[in-house]
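Summary of the model geometry
Each chain, letter by letter, is given below.
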Amino acid sequence: MTVGAQPARPGGAGVLPPVPVLELERVIKQYPGSPPVRALDQVSLAVTAGELAAVVGPSGSGKSTLLHLMGTLDRPTAGTVRVTGLDVARMRDRELAALRASRIGFVFQQFFLAEHQSVLGNVADGLLYAGVRRGERRRMALQALNRVGLAHRAAARPTELSGGERQRVAIARAVAGAPPVVLADEPTGNLDSGTGAAILGLLEELNTAGTTVIVITHDHAVAARTRRRIEMLDGHIIADTSPAQEGPS
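Residues numbered from 1 in each chain as written. Predicted model: local features only at pLDDT ≥ 70, side-chain atom pairs only at ≥ 80, totals over all residues. Heavy atoms only, no water.

As for the confidence of the model for the protein chain
Low-confidence regions, as indicated by low pLDDT, have predicted coordinates that should not be scrutinised in detail. Heads up, the rule is: pLDDT expresses how confident the predictor is about each individual residue, on a scale running from 0 to 100. Residue contacts are defined here by distance: any two heavy atoms, one from each residue, within 4.5 Å place the two residues in contact.
Put simply, the protein chain has an average pLDDT of 88, and 89% of its residues get 70 or more. Note on residues 1-11: pLDDT under 50 across the span, and 23 contacts to partners over four residues away in sequence or across chains. Across residues 244-249, where pLDDT falls below 50, the model places four contacts with residues more than four positions away in sequence or in other chains.

Quick notes on the sheet that holds strand 1 (residues 22-31)
What counts, and what does not: Only strands joined by at least two bridges in the DSSP assignment are considered to pair. Strands are runs of DSSP state E lasting at least two residues, helices are runs of H or I lasting at least four, and both sets are numbered from the N terminus onward.
With antiparallel pairing, the four strands of this open sheet are ordered in space as 2-1-4-5. At either end of the open sheet lies a strand with only one pairing partner, and these are strand 2 (37-47) and strand 5 (86-87). Bridge analysis of strand 4 (residues 78-83) against strand 5 gives two bridges, and the strand direction is antiparallel. The residue bridging Arg-82 from the neighbouring strand is Asp-87, located in strand 5.

Some points on the sheet that holds strand 8 (residues 212-217)
Going by this rule: Only C-alpha atoms enter the line fits that serve as axes; for helices the fit covers just the stretch in contact. Angles between N-to-C directions range over 0 to 180 degrees.
Here we have six strands laid out as an open sheet, ordered 6-7-8-3-9-10, and mixed in their pairing. A single partner strand is all that each edge strand has here, and the edge strands are strand 6 (104-108) and strand 10 (236-240). Strand-to-strand, the axes of this sheet are offset by a mean angle of 20 degrees, without reference to chain direction. The sheet contact formed by strand 3 (residues 52-56) and strand 8 spans five bridges and is parallel. For Leu-52, the partnering residue across the bridge sits in strand 8 and is Val-213. This element, helix 2 (residues 93-103), spans strand 6 and strand 7 (181-185) of the sheet and lies at about 75 degrees to strand 6.

Topic: the nonpolar core
Applicable threshold: Here, nonpolar core means buried Ala, Val, Leu, Ile, Met, Phe, Trp, Tyr and Cys residues that are tied together by side-chain atoms lying within 4.5 Å of each other. For each residue, the accessible area found with a 1.4 Å probe, counting protein chains only, is set against the maximum for its type, and the residue is called buried under 20%, exposed over 50%, and partly exposed in between.
Counting 36 residues, the largest nonpolar core has Val-123, Leu-145, Val-169, Ile-171 and Leu-203 as the members making the most contacts within it. The contacts of Val-123, once residues within four sequence positions are left out, are Ala-141, Ala-144, Leu-145, Val-169, Ala-172, Arg-173 and Ala-176. Among the nonpolar cores identified, the runner-up in size contains 28 residues, and Leu-22, Leu-66, Leu-183 and Met-232 belong to it.

What about the environment of Ala-155?
Mapped onto the elements, Ala-155 comes out in the loop between helix 4 (134-147) and helix 5 (163-175). Here the alpha-carbon distance between Ala-155 and Ser-118, two residues 37 residues apart in the chain, equals 5.4 Å.

Quick notes on empty space enclosed by the protein
Test applied: In this analysis a 1.4 Å probe is tested at points of a 1 Å grid over the protein atoms alone, and where it fits but cannot get out there is a cavity; an open set with protein on both sides within 12 Å along at least five of seven lines is a pocket; lining residues have an atom within 4 Å of a point. Grid points are joined across faces, edges and corners, and a volume is the space filled by probe spheres set on the points. Polarity classes work like this: nonpolar for Ala, Val, Leu, Ile, Met, Phe, Trp, Tyr, Cys and Pro, charged for Asp, Glu, Lys and Arg, and polar for all others, with Gly in that last group.
Taken as a whole, this structure holds one cavity of 30 Å³ or more when the rule is applied. Volume-wise, the largest cavity comes out at about 40 Å³. Lining the largest cavity are Leu-52, Leu-200, Leu-203, Glu-204, Val-215, Val-222, Arg-225 and Thr-226. Examining the composition of the lining of the largest cavity, we find that three residues originate from one element, helix 6 (residues 193-208), more than from any other. In the lining of the largest cavity, the residues fall into five nonpolar, one polar and two charged.

Quick look at the environment of Leu-67
Of note, Leu-67 is situated in helix 1 (residues 63-70). Leu-67 sits 149 residues away from Ile-216 along the chain, and the two C-alpha atoms are 7.3 Å apart. Apart from the residues within four sequence positions on either side, Leu-67 is in contact with Leu-183, Asp-185 and Ile-216.

Concerning unusual backbone geometry
In this model, Ser-34 is joined to Pro-35 through a cis peptide bond whose omega is 0 degrees. Inspection of the secondary structure assignment puts Pro-35 in the loop between strand 1 and strand 2. The backbone phi angle of Phe-111 is positive, close to 75 degrees, even though this residue is not glycine.

Some details on the packing of aromatic side chains
Rules: Two rings from Phe, Tyr or Trp (for Trp, the six-membered ring) form a pair when their centres are within 6.5 Å of each other. A pair whose planes differ by under 30 degrees is stacked, one over 60 is edge-to-face, and the rest are tilted.
A full pass over the atoms with the stated rule returns two aromatic pairs. On the numbers, 5.7 Å between centres and 5 degrees between planes, the contact of Phe-106 with Phe-108 is stacked. Arranged with centres 5.6 Å apart and planes meeting at 80 degrees, the rings of Phe-108 and Phe-112 form a pair that is edge-to-face. An aromatic cluster is defined as three or more aromatic residues linked by ring pairs; in this entry it consists of Phe-106, Phe-108 and Phe-112.

Here it is in structure tokens:
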């Protein structure tokens, strides 16, 4: 399957379930040292389309390493990572960059906005690696800003925005290309509680509209807002409250 291809979708009753949008099988990530540090140890995980999930754990639990592998920012030492059915181990760096540009949106705690650029420019530039033409980038960026309630600040600079508004710009950049998956790394970490709750509400709205959202957090109160909670400790998944495991209420 090429990067541009989409996984098969179910057509009705009796059809096989869809391919997970993210899948890890017996993944190990080990960093060299004396002794070597095993950040992830035999981790297996599948996330299907439309889920709202949180990966929660203390510092050093392996959740950031898991984020890097799910987002193809790093490669595993052993095991398999698939994004929308594509095995990342079989892909060259250029193909991985194309995969990230088209299939994964990132939201980071630090925003990572270019201060010299307008809000619209920051969101539009997120579509560069997806090969979108300039005029279309601006149209898609403005549409994404409208989704997060900031179309009226399109001409502003990031320095003119509050922390919550800057995070909304970062979310708009993440979803402008309509990726199947958004990975949000501590998205409320630099925000006060009220603003953080509003950002979580926005992520919930995006999920309701069809985007798969995975939040990485150390905060159990943030994780409690999601339908699925994946708890990590010492490089292992120690709990996974997925709907399939919880069963009917």
